[in-house]
Amino acid sequence: MKNLVNQNLILAMAFSLLLASCGGSQQAEQTQDSTAVTPQAMKDYIKDETKEERNSRMQWWKDARFGMFIHWGAYAVPAGIHKDSTLKQDRTGEWIMNSFNIPITDYEAYAKQFNPTKFDAKEWVRIAKDAGMKYIVITSKHHDGFSLWDSKVSNYDIMDFSPYKKDILKALADECKAQGITLCFYHSIMDWHHPDAQAPHYPDYNTDKKQNPNFDKYVTNYMKPQLEELVKNYDPAVLWFDGEWIPEWTEPQGKELYNYLRNMKPSLIINNRVGKGRKGMQGMNETQDAAGDFGTPEQEILEGKSDGLPWESCMTMNDTWGFKTNDNNWKSAEKLVHNLADISAKGGNYLLNIGPKADGEIPTPSVERLAEMGKWLKVNGEAIYTTQSLKNYKEGENIRYTQSADGKYIYAISLKWEGKALNLKNITPKEGSEIKMLGIDTPLKWSYDDKKGLTIEIPKELQAEAKRPCKYAYTFKIEGTEK
Ligand code: GLC
């Protein structure tokens, strides 16, 4: 809902009259000066933060390992089908406006229908928590420009534009607090709807031939005030930017935005898509001094460990971020567990996506997979959360290693059932120590010699699938050192 006050009032009224004469879509946003932090008072966090300060700011995030990505907005209404056309499998649901070149006013009709009466913040947060996820990153605004909170600088939001008229981010923020999970926001720099952003070039939103001369106005008068609202009123722990590839956005702007937000909330963590640093979908930085605290591999996992920059691999469970009726290409729970083990061994985080339906329901295949991951993590969480990586994060194709934060224990996560025995060449166990399989109390028999390495026996009683502590992957907890 708009807050048009004092000296801005007359100006804003005149502006809205002008916009009203330009047609429906343009009425949705107006300007308001950003007064949050004056440039003179800004601290340069990129230059002045020490490595120790950065590490301690990022510690909770690194320890968390596993988060839920939520792509939700007006695109859930068409759900991949516009008029008589269906998006191809490789086109994601949240891009439908662009993929079918839907004019702004036609797309607005979807936003007008977005009425998630079954949305239950408590249930969503419960599902994330039961999956073993430690944080949630939800789309405050995706490329389509529709905002999921009560924005004072926009009418193109859940309060003013849709029949729902309840602040989704507020409901989630309250629930996250109540249930003890960390809330974070995805936010698109690119905006296909705002008159001063990409929209005038419709349908060529992403061309690098034309630049939008008004883009700075959108940044100053709309994007930054919106971000200020998000930081001040909803207290996100991470801002996860995207849509930074448009030619209007530059690395200096990214750095300025990074500092602007950190000055507002010094503990904020911000991804590397705030600027122009990332290298394609692989997502790590091209240059050392790029803005942002972590790399963002998309739909992929780093080949090995990172050589410094923390990272988070974001991934869909099927092939789309925003809900699509026809996407049933689900990854198995086993695959998702293996991904989590692989990412953790390489020192990264896993940000796994759900795309809820327009009515607020989370698709059943997503709920089922998350529940399976939760069961696995209840047994094996010790090998995932708060761990660090070894020099050799893997052995062969099926073993992934992590290590407890104090360095005392090594966890060998086996991605398959090893049968009667597991042999490891990379680890020297401490003499006389116990080796256990997580989820089983009785210590396992083991032997070691320099040539053969470590052999851990897996007893008969555990061989039947039903007797094992979990499915998909099995963790051996070893007191010892890496060779
Ligand atoms: C992409 C897409 C977007 C999605 C995001 C998630 O860059 O543009 O739709 O939100 O990746 O990483």
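Bear in mind the structure is a predicted one, so any value in this text is a computation, not a measurement.

(A) Representation of the pairing of strand β16 (residues 446–449) within the structure. Note: β16 against strand β17 (residues 453–457), 4 bridges, orientation antiparallel. Opposite Tyr448, over in β17, you have Leu454 as the bridge partner. Once β16 ends, the chain turns through 3 residues before running back antiparallel as β17.

(B) Representation of the sheet that holds strand β9 (residues 349–354). Ordered in space as β7-β6-β5-β4-β1-β9-β8, the 7 strands form an open sheet in which the pairing is parallel. At either end of the open sheet lies a strand with only one pairing partner, and these are β7 (269–270) and β8 (312–315). Pairing analysis gives 4 bridges linking strand β5 (residues 182–188) to strand β6 (residues 238–242), with the strands arranged parallel. Paired with Ser188 across the two strands is Asp242, which belongs to β6. Of the strands in this sheet, β4 (135–141) and β5 are in contact with helix α7 (residues 168–179), which crosses β5 at around 150°.

(C) Structural context of the environment of Ala131. Secondary-structure assignment places Ala131 in the loop between α6 (121–130) and β4. You can call Ala131 buried: it has 25 C-beta atoms within 10 Å. Remark: the alpha-carbon pair of Ala131 and Met373, spanning 242 residues in sequence, is separated by 5.6 Å. Apart from the residues within four sequence positions on either side, Ala131 is in contact with Leu370, Ala371, Met373 and Gly374.

(D) Structural detail: the packing of helix α8 (residues 215–234) against helix α9 (residues 251–264). Direction vectors running N to C along α8 and α9 enclose 30°, while the axes themselves pass 11 Å from each other. Judged on the interaxial angle alone, α9 and α8 are roughly parallel. Both α8 and α9 take part in a crossing whose hand is right-handed. Within the contact between the two elements, α8 uses Lys224, Leu227, Glu228 and Val231 and α9 uses Tyr260, Leu261 and Met264. Tallied by class, the residues present in the contact of α8 with α9 amount to 5 nonpolar, no polar and 2 charged.

(E) Unusual backbone geometry, seen in detail. Positive phi is not limited to glycine here, since Gln299 has a value of about 60°. Here Gln299 shows up in the loop between β7 and β8. At Thr386, a position not held by glycine, the phi torsion is positive, near 55°.

(F) Inspection of the pairing of β9 at higher detail. With 6 of its 6 residues buried, β9 lies for the most part within the structure. Residues Asn349, Leu351 and Asn353 of β9 are buried on one face, and the alternating residues Tyr350, Leu352 and Ile354, pointing to the opposite face, are buried as well. As judged from the 5 bridges shared by strand β1 (residues 66–70) and β9, these two strands associate in the parallel manner. Paired with Ile70 across the strands is Ile354, a residue of β9. Note: β8 against β9, 4 bridges, orientation parallel. Note that in β9 the partner of Met315 across the bridge is Leu352.

What counts, and where the lines are drawn
- Residues numbered from 1 in each chain as written.
- Predicted model: local features only at pLDDT ≥ 70, side-chain atom pairs only at ≥ 80, totals over all residues.
- Pairing = 2+ DSSP bridges.
- Helix = DSSP H or I, 4+ residues; strand = E, 2+ residues; numbered from the N terminus.
- Contact = placed C-beta atoms within 7 Å.
- Axes fitted to C-alpha atoms, helices over the stretch in contact; angles between N-to-C directions.
- Buried ≥ 20, exposed ≤ 12 C-beta atoms within 10 Å, placed from the backbone.
- Parallel < 35°, antiparallel > 145°, perpendicular 65-115°, else oblique.
- Left-handed = near helix turned anticlockwise from the far one by under 90°.
- Nonpolar A, V, L, I, M, F, W, Y, C, P; charged D, E, K, R; others polar.

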